[in-house]
Amino acid sequence: MSTTIDDIRAYIAQLPNAAAVADVQEAAALRLRALDKEAFAGVTAGRRVRINDCLRPAVLRSLTGTVQERNRTGGRAHFLLDEESTRILRTDPRNTRYRIPEDTKRFRLPGNGLPVSCLDLIED
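Residues numbered from 1 in each chain as written. Predicted model: local features only at pLDDT ≥ 70, side-chain atom pairs only at ≥ 80, totals over all residues. Heavy atoms only, no water.

## What to know about the packing of aromatic side chains
Okay, so step 1: All told, the structure shown has one aromatic pair when counted by the stated rule.
Okay, so step 2: Ring geometry for Tyr-98 versus Phe-107: centroids 6.2 Å apart, planes at 70 degrees, classification edge-to-face. There is no split in this pair, since Tyr-98 and Phe-107 are both buried. (Phe/Tyr/Trp six-rings, centres within 6.5 Å; stacked < 30°, edge-to-face > 60°. Buried < 20%, exposed > 50% of the residue type's maximum accessible area, 1.4 Å probe, protein only.)

## A closer look at unusual backbone geometry
Okay, so step 1: Here the bond from Arg-56 into Pro-57 is cis, since omega is 5 degrees, no more than 30 degrees from zero.
Okay, so step 2: Looking at where Pro-57 falls in the secondary structure, it is placed in the loop between β1 (48-51) and β2 (64-70). (Helix = DSSP H or I, 4+ residues; strand = E, 2+ residues; numbered from the N terminus.)

## Quick look at the nonpolar core
Okay, so step 1: Residues Ile-51, Leu-60, Phe-79, Leu-89, Leu-109 and Leu-119 are the most contacted members of the largest nonpolar core, which totals 21 residues.
Okay, so step 2: At the level of secondary structure, the elements contributing two or more residues to this core comprise β1 and β3 (76-81). (Core = buried A, V, L, I, M, F, W, Y, C linked by side-chain atoms within 4.5 Å.)

## Observations regarding the pairing of β2
Okay, so step 1: Two strands pair when backbone bridges link them, and β1 and β2 are joined in this way by three bridges, in the antiparallel orientation. Bridge pairing in β2 links Arg-48 to Thr-66.
Okay, so step 2: Two elements, β2 and β3, share four bridges in a ladder whose sense is antiparallel. Looking across to β3, one finds that Thr-66 is bridged to Leu-80. (Pairing = 2+ DSSP bridges.)

As structure tokens, this is what we get:
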């Protein structure tokens, strides 16, 4: 017999104190991190990706480019726009954040990287 979500809720409801509930919460968070790591393992340096609709600012959505290095925890990745996306971002009237010189062919987005959950792999 398998455990159902109702069984898990009933188990949590009978826990004696906040510390016990926090232990369950920590175990769930660890499992979610492991699942995320598996789901986004393919988002590695050199892979072509498209920024999906999860990301803000919206001006970056649907732009494409190459994953650069990921951060220490693997949750974020630096991103280098391809030439067409660089041109699109440079000329987009909604873009008030990124100043891209005219002679820049490929623009590396500044900051601490994009969440890897906001990057969809482009199959070559």
